[in-house]
Amino acid sequence: MTAEIHNDVIVATTRIKAPPDVVFPYFTDAALIVEWIGEQAELDPRPGGLFLLDFGTIAARGTYTSVDPPHRVAFSWGIPGSESLPPGGSTVEVVLTADGDGTIVVLSHRGVPPGRIDEHRTGWQQQFGRLAGIEPSSRVRRATA
């Protein structure tokens, strides 16, 4: 699991021991996303659909911009009340690539203001560590095209 900064873009990478169609719902299903990030979510995974994620007193707000199961999902991201990173002020893209019996997950977070890049890199690193520790089971519904 890594989370690095490349040309002001946060890039987090991990490998999950499950195929992409099992991993994909962890970015689009509210019950699954809170297993690794946040405490409460409201997700409408279609272009223009809401992306709402709460972390206690902190919240992330945006909309899905692209949903291509089980390979790619993108959504805008921002913090209500933040002047430097308002709701929808940055973009998160997740690409899932099959790797044998697993999936390589690469998350790229663009548009984060320079003064907030390191805190977001640290956050993604912690949360991706949690994601990597999840062992998706067969009960997880598989993503469909």
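Located above this text is the structure these notes cover.
Residues numbered from 1 in each chain as written. Predicted model: local features only at pLDDT ≥ 70, side-chain atom pairs only at ≥ 80, totals over all residues. Heavy atoms only, no water.

Asks: Explain the packing of aromatic side chains to me, using residue names and the numbers behind them.
Replies: Counting across every chain of the model gives nine aromatic pairs. Ring geometry for F51 versus F75: centroids 4.0 Å apart, planes at 10°, classification stacked. Here F51, found in strand β4 (residues 50–55), pairs with F75, found in strand β6 (residues 72–77); they are 24 residues apart in sequence, far enough to count as distant. Seen in terms of ring centroids, Y64 and F75 are 5.8 Å apart; in terms of plane orientation they differ by 70°. Their pairing is edge-to-face. Taken as a pair, Y64 in strand β5 (residues 58–68) and F75 in strand β6 lie far apart in primary sequence, eleven residues in all. Judged on exposure class, the residue Y64 and its partner F75 are both buried. Here the aromatic cluster, defined as three or more aromatic residues joined through ring pairs, consists of F51, F55, Y64, F75, W77 and W124. (Phe/Tyr/Trp six-rings, centres within 6.5 Å; stacked < 30°, edge-to-face > 60°. Helix = DSSP H or I, 4+ residues; strand = E, 2+ residues; numbered from the N terminus. Buried < 20%, exposed > 50% of the residue type's maximum accessible area, 1.4 Å probe, protein only.)

Asks: Please give an account of the pairing of strand β8 (residues 102–110) that cites residues and values.
Replies: One ladder, built from seven bridges, connects strand β2 (residues 9–16) with β8; its direction is antiparallel. Bridge assignment links A12 to a residue of β8, and that residue is L107. Between the antiparallel neighbours strand β7 (residues 90–99) and β8 lie two residues, among them G100 with a positive phi of about 65°. (Pairing = 2+ DSSP bridges.)

Asks: Could you give an account of the nonpolar core, naming the residues involved and the relevant values?
Replies: Among the nonpolar cores identified, the biggest contains 35 residues, and F27, W36, W77 and W124 are the most heavily contacted of them. The element best represented in this core is helix α3 (residues 117–133), accounting for four residues. (Core = buried A, V, L, I, M, F, W, Y, C linked by side-chain atoms within 4.5 Å.)

Asks: Mind laying out the sheet that holds β4, listing which residues take part and the relevant values?
Replies: An order of β1-β2-β8-β7-β6-β5-β4-β3 is seen for the eight strands of this open sheet, with the pairing classed as antiparallel. Across the chains shown, the open sheet's two edge strands, defined by having one partner strand only, are β1 (2–6) and β3 (40–43). If you compare each strand with its neighbour and ignore which way they point, the axes differ by 20° on average. The sheet contact formed by β7 and β8 spans nine bridges and is antiparallel. (Axes fitted to C-alpha atoms, helices over the stretch in contact; angles between N-to-C directions.)

Asks: Before we move on, can you summarise the environment of I33 with the specific residues and values?
Replies: Tracing the chain through its elements places I33 in helix α2 (residues 30–33). When the C-alpha positions of I33 and V9 are compared, they lie 22 Å apart, and in sequence the two are 24 residues distant. In this structure, I33 is in contact with Y26, F27, A41, L43, F51 and L53, ignoring residues within four places of it in sequence. (Contact = heavy atoms within 4.5 Å.)

Asks: Talk me through the side chain of S66; I want residue IDs and the actual numbers.
Replies: Tracing the backbone through its elements, the reader meets S66 in strand β5. Separated by 2.5 Å, the side chains of S66 and R72 make a polar contact. (Polar contact = N/O pair within 3.5 Å; in protein donor to acceptor, adjacent residues only side chain to side chain.)

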